[in-house]
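The primary structure of each chain is shown beneath.
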Amino acid sequence: DQVVGGVLMHHDITDRQQSQVALRDSEERYRIVSDLISDYAYSYRVDPDGRITTDWITGSFKRVTGYTSEEIDAIGTFALYHPDDRPLVEADVAQVLRGEPATGEYRILTREGEVRWLRVYRRPIWDDAEGRVVRFYGVVQDITSRKLAEEQKLKLAVEREQKVLMSQFVMAISHDFRTLLATIETNRYLIERTAAAELDLQPKLERIRLSVQRMVEQLENMHAFSLVISPDTQQCDVNTLVAAVVRQETGRLQSRQQQLVFEPAPNLPPVRANTLELARALRHLLLNAHHHAPAGSAIQV
């Protein structure tokens, strides 16, 4: 029995050694192939306490990031990623630790301070005996060129839309100006014809005044439109801004017994905006509602 037991023990040790050699050979092949088909690849070991440590990273890691594997281990892998993208990276790693593959696109900050885009494919290795992920592999592609091309394409598309919008806006303003000027000229002519007869000129003069006021407003609109090309923005609490405009405009609506109701939305995040022009836009909306809503009605913001 001892001999048999000894032989069995010898076989068990030999099998483990062969498995370890086979695993090392397999990882070496994976590392070589990954280095050929990707920008860099890596293997992370997951300890029972959840700590993640580096098994290996292919040599091209430094070419992409500027860091050596030792340097990135010292500062922590997550420090490589752009601060805005770290929550997404952490969520994807958590998904891998649950045993699910994950793929994500993130920005990194290289050692030289350059922003680069990476697409990372992660694959977990699950150990049934331990009931957890014991390792995961990653293959990384540098997609910076593609991202820059997409950004440039988007920028050109926005510029085209701005030109179309400007053309349409100028056409609309020109039409409005022609109509207003025609009104002014007509009333001027009528005043000239009727002045000798001492008729009441006040209604006609009022129409001229309103037309001029409208033209001034349209000129202000053209100024606002110029800010589309060169925006001047700052952090803004939308509810606070809207509440201030509503207070300013309440008196105008009371002239027609209209009620103005403001219901702020909860949990609105702050936005970047040109507060003066945003307030101007809201006043235009309220003025439009004031003119078109029946007397005695409620206008809700």
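Look above for the structure.
Residues numbered from 1 in each chain as written. Predicted model: local features only at pLDDT ≥ 70, side-chain atom pairs only at ≥ 80, totals over all residues. Heavy atoms only, no water.

Some details on helix α4 (residues 86-97)
Next up, step 1: Between its first and last C-alpha, α4 extends 16 Å over 12 residues, near the 16 Å set by a 1.5 Å rise per residue.
Next up, step 2: When we look at burial in α4, the residues that qualify are Val89, Asp92, Val93 and Val96. Down the axis, α4 shows its buried residues gathered within 100 degrees of arc, on one side only.
Next up, step 3: The inward-facing, buried residues of α4 contact β2 (52-57), β3 (102-109), β4 (115-127) and β5 (132-142).
Next up, step 4: Phi turns positive one or two residues past the end of α4, at Gly99, with a value near 95 degrees. (Helix = DSSP H or I, 4+ residues; strand = E, 2+ residues; numbered from the N terminus. Expected span 1.5 Å × (residues − 1). Buried < 20%, exposed > 50% of the residue type's maximum accessible area, 1.4 Å probe, protein only. Arc of directions from axis to C-beta. Contact = heavy atoms within 4.5 Å.)

A word on the pairing of β4
Next up, step 1: Across eight bridges, the pairing between β3 and β4 is antiparallel. Among the inter-strand pairings, Leu109 is bridged to a residue of β4, identified as Val115.
Next up, step 2: Between β3 and β4, which pair antiparallel in sequence order, lie five residues; one of them, Gly113, sits at a positive phi of approximately 90 degrees.
Next up, step 3: In the sheet, β4 pairs with β5 via 10 bridges, with the strands oriented antiparallel. Bridge pairing in β5 links Tyr121 to Val139.
Next up, step 4: Hairpin connection, β4 to β5: the antiparallel pair is bridged by four residues, and Gly131 has positive phi, about 70 degrees. (Pairing = 2+ DSSP bridges.)

So, the nonpolar core
Next up, step 1: Of all hydrophobic cores here, the largest spans 22 residues; its most connected members are Tyr40, Tyr42 and Leu80.
Next up, step 2: Elements that contribute at least two residues to this core include exactly β1 (40-46), α2 (60-65), α4, β3, β4 and β5.
Next up, step 3: The dominant element in this core, judged by the number of residues it contributes, is β1, at four residues.
Next up, step 4: One finds Leu241, Val242, Leu260 and Leu282 within the second-largest nonpolar core, a separate group that totals 13 residues. (Core = buried A, V, L, I, M, F, W, Y, C linked by side-chain atoms within 4.5 Å.)

What about helix α7 (residues 238-254)?
Next up, step 1: Here α7 is 17 residues long and its end C-alpha atoms lie 24 Å apart, about the 24 Å a rise of 1.5 Å per residue gives.
Next up, step 2: If you look at α7, its biggest bend is around 35 degrees, right at Gln248.
Next up, step 3: Taken residue by residue, α7 has Asn239, Leu241, Val242, Ala243, Val245, Val246, Glu249 and Leu253 as its buried positions.
Next up, step 4: Two or three places before Asn239, at the start of α7, stands the capping residue Asp237, its side-chain oxygen 3.1 Å from that residue's backbone nitrogen. (Bend = angle between axes of the 7 residues up to and from the residue. Polar contact = N/O pair within 3.5 Å; in protein donor to acceptor, adjacent residues only side chain to side chain.)

Digging into the packing of α7 against helix α8 (residues 275-292)
Next up, step 1: With their axes 10 Å apart at the nearest point, α7 and α8 run at an angle of 35 degrees to one another. When you trace α7 past α8, the crossing you get is right-handed. Across the interface between the two elements, Leu241, Val242, Val245, Gln248, Glu249, Arg252 and Leu253 from α7 touch Thr275, Leu278, Ala279, Leu282, Arg283, Leu286, Leu287 and His290 from α8.
Next up, step 2: Here the residues of the contact of α7 with α8 are counted per class, giving nine nonpolar, three polar and three charged. (Axes fitted to C-alpha atoms, helices over the stretch in contact; angles between N-to-C directions. Left-handed = near helix turned anticlockwise from the far one by under 90°. Nonpolar A, V, L, I, M, F, W, Y, C, P; charged D, E, K, R; others polar.)

Digging into the packing of aromatic side chains
Next up, step 1: Taken as a whole and judged by the stated rule, the model has six aromatic pairs.
Next up, step 2: An aromatic cluster of at least three residues, connected via ring pairs, comprises Tyr42, Tyr44 and Phe136.
Next up, step 3: A cation sits over an aromatic face here: Lys147 above Trp117, 4.4 Å from the ring centre. (Phe/Tyr/Trp six-rings, centres within 6.5 Å; stacked < 30°, edge-to-face > 60°. Lys NZ or Arg CZ within 6 Å of the ring centre and 35° of its normal.)

Describing the layout of surface pockets
Next up, step 1: Roughly 460 Å³ of internal volume is contained in the largest pocket.
Next up, step 2: Taken together, Leu210, Gln213, Arg214, Glu217, Glu220, Arg252, Arg280, Arg283, His284, Leu287, Asn288 and His291 form the lining of the largest pocket.
Next up, step 3: For the lining of the largest pocket, the secondary structure elements donating two or more residues are α6 (202-229) and α8.
Next up, step 4: The greatest single-element share of the lining of the largest pocket, amounting to six residues, is contributed by α8.
Next up, step 5: Per-class residue counts for the lining of the largest pocket are two nonpolar, four polar and six charged. (1 Å grid on protein atoms, 1.4 Å probe; cavity = no way out; pocket = protein on both sides within 12 Å on 5 of 7 lines; lining within 4 Å. Points joined across faces, edges and corners; volume = space filled by probe spheres on them.)

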